[in-house]
Structures are given as structure tokens and as C-alpha cells.
Amino acid sequence: MKMRKSRRLLSGICVSSALLSVPAWAQQTPTEARTNNTLDKVEVTGIRAALIKARDEKRFSPEILDAVSSEDVGKFPDKNIAEALQRVPGLTIDRNRGEGNFVSVRGLPASFVRGSVNGRTIVSATESYNSTLSGGVQSSTGRETNFDVLPSEIVDVMQVYKSNSAEHIEGGVAGVVNIQTARPLMLGHRATLSGSDLYSTLSGKHAPNLSGLWSWKNADSSFGALVSATFSERHIRQGNADSFAYSTNGTFGYSDKFDTKGAGSTNAQNVLFPFSLNPEVFDENRKNQGLNTTLQWRPAKDTEVRFDALVQQRRLKHTSLQGIYQVSPGLFSDIYSSVPSVFGPKNPDGSIPFASLVVGPDNTARTYQTAADLTSVTDVQAGDDRSVNLGLNASTRLSDWKLSADLAYAKAHGEERFDRATFMPKIGLNAIPGLVTVNTTGGAIAVTPDAAFAKTIADASLYRTNNFQQESRKNDDSEQALRLDAERALSNLPFSEFKVGVRLSQRRKELAANALASGQFKNAAGQPVSLSLTEANAGVTHLPTDLVPGLSLGWNHGLIPFAQDPTAVINALAKLAKPGTLDPIFNALQSYSVEEKTSAAYAQLNIDTQLGATPITGNVGLRYVSTNTTATGYRRPFEIVTENNLGTIHYTSPDVSTLSSDSHDVHWLPSLNLKAELTPELAARFSYSKSLTRPLFSDLTPAYTGTPNPTQKTAAIGNSNLKPLTGENFDLALEWYRGKDGMVSLGGFSKRLNGIVGNTTELNVNYDNNQWVSLTKPSNLGKGRINGGEFSVQMPLDALSTALQGLGLTFNYTRTNSSTHDNKGATIPFPGVSKYSLNTSAYYERGPVQVRLAYTYRDQYMVLSSDVFGQQIFAKGYGQMDLSAAYDLNKTVSLFGNVINLGGARETLFSSNVANPATADSRPQSVSDVGRRFVLGLRIKL
């Protein structure tokens, strides 16, 4: 909050600014603009009052903005910040285990959205691993903000800036999400305590959630303090029917021509087969705890010093059981001679008779019989996310100038430990006897084994250790920033205010990985060691029979045996192996660091004039940004050793070399925001700006971006020559404000993007002295565009009829049209962009009763433009309904309850490509279900 200061205090602040290093939001928010000169307490409670406050944030902002406000102190509409943001027009969220975490604005990915708390950068260091998608995808949070780790209780209002001003910190092509926390001089004397129980239907477990807030100010309102604390826990079970990917037989060097009719010639070719079916269950426990503190000192009317601290920690541990049926027929056509072949002798034209194969119109294998393998996989992942955000802001007045200094420090640390043990039924060196029937027509990949195959895979005594993996990762992200701003009122001009400022920041991202062990253990004589599932003494467990309730996956995969404790398996094997087997090894293939030093300056004129009788307000400005980047990667010589069709990485030297690359870029970012008040209730807006988003940290490493898959022979590398993505942004909007709480808004936007980064995949390529089936690399693919429109209505219904007192509706709809190009030059949708999204809610609030029913939906969107086999992966459209209710027993105590995912919606992924586009029904890749969540709690307000 900007305040005027005395000349004497200014010198002290300048000295402090030079000694500390910590970032903030120097410009005034709409709330500050209205409350800057008052110490009065603002009372905002209830659904309707929160909607009014959010509407006023939008109405009085010079930029195009939307907002979500708390319903009361420490009471936000949703327990999860991301899930509250999805109710803003143009915003959609990504989900992890059914809970929102990352936010997209107008379809652009989360890495294009800048997240901040009180204007200060939020850094995230979450580590996670999806062992199935595209053959295994390691995720390290970089520029995107993981809103799941932030407690909603700290929020006063969340502002979503969709247009830029010169004073805004760069970095968000899509927009900025700023979380404004409550402040003690506004709240005064206040205390709240909330406790609830969360029940998840699939896990069948309960978990506690606790939060509390205390606010105080002295008698003359010159000093205040606020402290809030939160604790939450969640038990999650998620059932999945997954696949690594789809591919053709030619991917593995086999014929792509088939004769399915016995005519002696080709009638199907380049058919896409699922590589695998992976029935899987996750059981996860999450614990979040956080502490938020704000101190405010206002020694004079125009002087303020504020200190903010936010400390947060999230711990999670999950166990997953995953059966991997490898069902791509090319893997077995020539490998296992003792298995009855599903193919006949080749025809004269080279086609292979394949009588059981039925091909769909999009060239997807709809059903077929094949030999197969099964791997029983048990994973345990443990994660720990910690973050600290500190900020010191001081503002004062010196003659005609308002001056402010802001210091900020943000640090996040994430750790992940991953243990895996795999077993396979061992029948000599041959594949499992018998065949399986694969079917892709039922909304998921289904595998039905014949009697011989089923008997083998259900016999736990036949399983022996096949492979293992044990690794750990540490992710550190930090930023220090200093910001200085000055502003001066102008008169007798079309401009009301002149602003200038500078910002210096340094950000460092470092990822360090240790491969504790992987592959197969060998004894001192160099011979492989193995154990049976029963010899491992790790316990035996099974998948639940209703893995994805109501979805047929072919047969009862619950008969597959799994090791219960993969760490125990690894330790048992290590006792038979040569000494030092489990000694940590620095994993050069997954480690990197990136350091950025940025200098920025801006000048801005605020507009306050008239065009005829029409008031015109807004701002025009220019921002200069200069960034020096150093990216460092690591390389260690290795070769791939294949035994029994299982590949392992064998390092040929202990030496690790360092690869570094420096780059420098300069950008000029102009901006213009105009608002015309056509009538007291009707406003028109126009906005133009240039913006940028820097490449993902992980994409900049001049080396591998993860451990290659030595069995499938797939790898991914970085590209230190990537350039920032830049955008030219245009907005037009018309806003009608009815009464004190009604609103209708209609807007259009256009983004012209240059330097879009996407994955390009090369097949059968030699890199780093190894031959790869596929090698993936990020590249600036060129240009793209996103055009769209937003429509929003906020309307209490009691204005229509007294019979509707207490009832109200909100509705938001966003339509987008986007395109970019793949590595072959073909036009494809922009990754992460849904064609349309909507959210709507109906609420009733009267007397002690509050009820809200909300529904959100986003259309299908591209997840990956190129997976491990060069295919595209899409997410099917997803809609979710949530119900919340509260009853005030008196002015102090209230009961509340929520039902999340009331309709039991499931998330679905499907595979597609430009040549043969598909749908979720014709080429399904993943279906996941987390069930419903029920919350019941009590809230005390003092």
C-alpha cells in the first residue's frame, strides 16, 4: 500500500533498501486506490458481499482485470486457491489427483502466467514423476506457480490482470495472478478459528483441516499485526487405466503393412497400436501447513512501512501399483519363437496376414490378438515442498513526489525420493504362454487374456525381480529483488500522474539429481542377482477389483501380484550384490542450473481527461527489460547395454563434464490502457501491450533433460539457444454495471505470439554416441495466435421479484481460437488451449443460510504436441460440479459443508495426430478417477 512519508524517514528507508534484498507490487491495486486515505475497517462477509468486492476490483482498475474475493476474514469460496480461480472468465486449471494446482489464463499454459503475493514473485519447486505418460515424464516446477501449496485462508482478494501496464513486472504473456493478503490496519481486532473433516470416497479415509487468524491494531491505528496459521491433510486414492503411448509397428523396425481379410495383399498400413495397458492405483497422503504474518506501521498519514512473511510446507507420500501389459504386436512378431505367432507368412507384396486385426476409420487398431508381456511395478514417491516469501515495503511523500521502496526475497525447496521394484513372470526366456485380446472401443484400452496367459500372471510364485530404480531429486528456486518507484501528480494536462521506476532482480534455479541405483543388481562376479516375489520379504498386495468403477478393462486385473514395499525389495537385492551398489551417484543426466540477472525500468503516464463529454482514464507507458542468462548442464559418458530385451545405462567413465551457455536479451515493452465511461453505468475499454515469457528452466540446459529410457531407447535434450516467447496483446471490452452488485461484461482479445516453444521429435537418430529410437528437443517453432471472447454475468435475482430474495446467478463463458505449427510445419492447436470454457453458479443467501452450486467445464485441449513416439496427446473435455453450504448458528459460530466433484467426473486423455485425428472414444490413452470429497466443519469468528 502506498503512503506518503516525511523527508526525515525517507533517508532511513533508502539506507534500508540498500542493505536488504527482498520484491513487491509497487503500483496501487484497485483496493488500495479506494482505501489509501482512510483507516476505516472494511466489513465484507457472505457470498454476495464477496461478489460485490470482486466486481468493484474490476470496475475501478485501469487495466482489464477480474477478481475473486474472500467471503469473510479467513474464509475463501474454495479451500484450494486454483479451484477458486477457475471461476474467473478465461481461467482454467490443471488437476493433480483431482485437485487444482496450476492455472492457465485464456488457454495459455501455467508457465506463461506470473504468480505473485502482494506483487512479489512466488517461486515453486515441486517435484513429481508421471511414470506412464509418454513412457515417463518427470515434472520440475519452474516458472509456473503451484497454487495448491498456498492456503486459501491467507487471501483477501485475488486479482487476475489480463492486460499489462508498464509498471507491471514482466514475465506473464498470459497474465498475472496476484494474491493480496489481509492487512491488520484494515481488519482491526479480529480472530477466527476453523476446523473441518475431509472424507474422500475412493480412499475411504478422513483427514483433518485446521486454520486460525488473529489480527490486532493499537488505539490510534498506527501499528497493527496479523498472524494466520493453517494445517490440512488429505488421503487420496486414484484409479487409472493408462497407456504409455500409441505407435506403429514400423517404430520398432517391423512391417507396417497388414492383410486383415486374407486377400493376399495390403488393405491396412501404418496402423496405430497401443504400446501398453497400465492398470494403476495411487494411494497418497498430503499434509500442508503454513504461517502468514504481516506487520504494519503508519507513523504519519502519508508514511507506511509494511513487513510480510509467508512460510509454507507440503509433504506427500504415495504408493502406486501398476501392471504393464506390453501389447504392441511388433514387439513380439519376431522376438519369441516359441509363442504361437499371430501373424501368417508374408504375402508377395510384403504385407503380413493379421486376421484378428480390426482397424477403425482413423487408422487405430480397434481390436486384435497378440502375444504380450506383463510387468508388475510398485513405486513409492515421497515429496517435500517448502517455500518462504519475505517482503519489506516502505512509502512516503517528498514534496510533490510519492516514493516507495520494496525489497523481496523468495525461496522454494523441493525434494523427491523415488523407489521402484518390478517383477515379471519368468517362463525361461520366452514370453508368457498364450495370447491376449486387446480392445480400444470401450472408452479405455481393455486387455483380456486367454486361459494360459491368465493362469501364468496370477501365479505369484512365478514372479522374479526384473528391474529396479532408486533416485532422489532436489529442486531449489530463489529470487531476490529491489524495486524503487516514484510518482507525481500532474495538472492542466490530459495526464493525471507520472510514474517511473526501476527493478533489479536475480533468480537462480538449480536441480540436483542422484541416481542411487537402477537397472539390475550384479554380484562381485558380474552375474545378475534376482529374487522371487516371495523371497523378497516385501509383502504381496493386489490392485483393487474396482480400479475405475464402472469401466471395463477386460478382466480382473486385481489378480496380478505386486510387491508391497519396493524399498525392501531393493535392500534385499543389495545384500546379494557387490558392495557399494546403493551408494548415491550424481545423476548428470537430470541435473542443471540456470541463473538470470534482470534489470528493468519503466515510465508511465496515467490518463485522466475527457473526449467531449466522455471521461477517459487509463495509462500509457514503456518498459525496458535486459536479462543475462547462464545455463549449465552436465554430461557423463555412457553406453546402453541390453540383456534379455531390457536396457540399462552403463557409465563408461566416472568423469562428469560441465556444459555452460550464456545468453543476453533486451526487450522494449510498450503498453496502453484506455477506459471510456460512456454513461455512469456503461464503460468501454481498449488495451494494447507487448509482453514476454522466458523459456522453461529445464528446457535451457545444454544437455539431457532427464534420464533416457534405455529399454525403449528414447531420450530428451535441452536447447540453450531458446529465445523468450513474445506476444502482442489486444483487448476490447464493454462493461455494464447495474446497481451495487449486478454486472454484464463482454470482451474480445487477440494475442500474436512469436517464438513459441514446442517439442520436436526425431526418430532413429544418433546422439552422444548412442542410437535412439526417438530424441525429443524443445525448439522455437515459430508463430502462433490466440483469438477469443469472454462473456460474464453477475446478477442477484431479487431485483426481478421479491419471491427471489436471496437468490443470485453468475455465469462466465470464454471462447478461443488458436493455432501454431508442429515440427513438420503442420497447423495444430496451441498446447493447453481449450476452444471454450465456462463456469456458472447459483447461490442462495438469506439470514443464516448460504448455499452455492457451482459448475465448471473446459473443452478438450492438447497436453503434448509430440510424445515419445511423435504422437499428440489431448485431454478430453472435463466438467465438475461442486456444492457448498453454511449455516450461522449465531454471530460467532457457523457450520459449513462442501461436496467436491459432486457428479464424480473423470479425467480422460487420448492420442491423436495430424494425419489421422482421433477422439477419446476412438484412441483412448488414459482414464483416471479420484471420486468425490466431502467436507464438514465448524467456524468461530470473534
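Refer to the structure presented above.
What counts, and where the lines are drawn
Residues numbered from 1 in each chain as written. Predicted model: local features only at pLDDT ≥ 70, side-chain atom pairs only at ≥ 80, totals over all residues. Heavy atoms only, no water. Helix = DSSP H or I, 4+ residues; strand = E, 2+ residues; numbered from the N terminus. Contact = heavy atoms within 4.5 Å. Salt bridge = Lys/Arg side-chain N within 4 Å of Asp/Glu carboxyl O. Buried < 20%, exposed > 50% of the residue type's maximum accessible area, 1.4 Å probe, protein only. Pairing = 2+ DSSP bridges. Phe/Tyr/Trp six-rings, centres within 6.5 Å; stacked < 30°, edge-to-face > 60°. Lys NZ or Arg CZ within 6 Å of the ring centre and 35° of its normal.

Draft legend 1. Structural context of the environment of Lys-723. By the element assignment, Lys-723 lies in the loop between strand 36 (714-716) and strand 37 (725-738). When the C-alpha atoms of Lys-723 and His-664 are compared, they prove to be 9.6 Å apart, with 59 residues separating the residues in sequence. In contact with Lys-723, other than residues within four places in its own chain, are Pro-695, Gly-755 and Asn-780.

Draft legend 2. Up close: the pattern of salt bridges. Overall, the coordinates contain 39 salt bridges when judged by the stated rule. Its salt-bridge partner being Lys-162, residue Glu-790 comes within 3.2 Å of it at the nearest N-O pair. Here Glu-790, found in strand 39 (residues 770-796), pairs with Lys-162, found in the loop between strand 8 (155-161) and strand 9 (175-181); they are 628 residues apart in sequence, far enough to count as distant. In this structure, Glu-790 and Lys-162 share a single accessibility class: buried. Sharing partners across several salt bridges, the network here consists of Lys-58, Asp-66, Arg-106, Lys-162, Arg-685, Asp-731, Glu-735 and Glu-790.

Draft legend 3. Structural view of the environment of Ala-563. Following the sequence through the fold, Ala-563 ends up in strand 29 (residues 561-563). Ala-563 gets classed as buried once you look at its relative accessible area, which sits at 1%. Separated by 21 residues in the primary sequence, Ala-563 and His-542 have C-alpha atoms spaced 8.6 Å apart. Non-local contacts of Ala-563, meaning those with residues more than four positions away in its chain, are made with Leu-321, Thr-378, Phe-423, Leu-533, Ala-538, Gly-539, Thr-541 and Val-569.

Draft legend 4. Region of interest: the pairing of strand 45 (residues 872-875). Across the two faces of strand 45 the burial is the same, with Gln-872 and Phe-874 and Ile-873 and Ala-875 all buried. Bridging between strand 44 (residues 861-864) and strand 45 involves three bridges; their strand directions are antiparallel. Across the sheet, the residue bridging to Tyr-861 is Ala-875, located in strand 45. In the sheet, strand 45 pairs with strand 48 (residues 907-912) via four bridges, with the strands oriented antiparallel. Bridging from a neighbouring strand, Ile-873 pairs with Ser-911 of strand 48.

Draft legend 5. Examining the packing of aromatic side chains more closely. Under the counting rule described, the total for this entry stands at 21 aromatic pairs. Both rings, one in Phe-586 and one in Tyr-634, keep their centres 5.4 Å apart while their planes meet at 85°; by these two values the pair is edge-to-face. With a gap of 48 residues between them, Phe-586 in the loop between helix 7 (566-576) and strand 30 (592-611) and Tyr-634 in strand 31 (residues 614-635) connect regions that are remote in the sequence. Taken together through their ring pairs, the aromatic side chains of Phe-638, Tyr-651, Tyr-704, Tyr-767 and Trp-772 make up a single cluster. Here the basic side chain of Arg-143 rests over the ring of Phe-697, its NZ or CZ set 4.0 Å away from the ring centre. A cation over a ring is seen here: Arg-858 above Tyr-861, with NZ or CZ 3.7 Å from the ring centre.

Bear in mind that shape data such as this cannot, by itself, settle questions of function.
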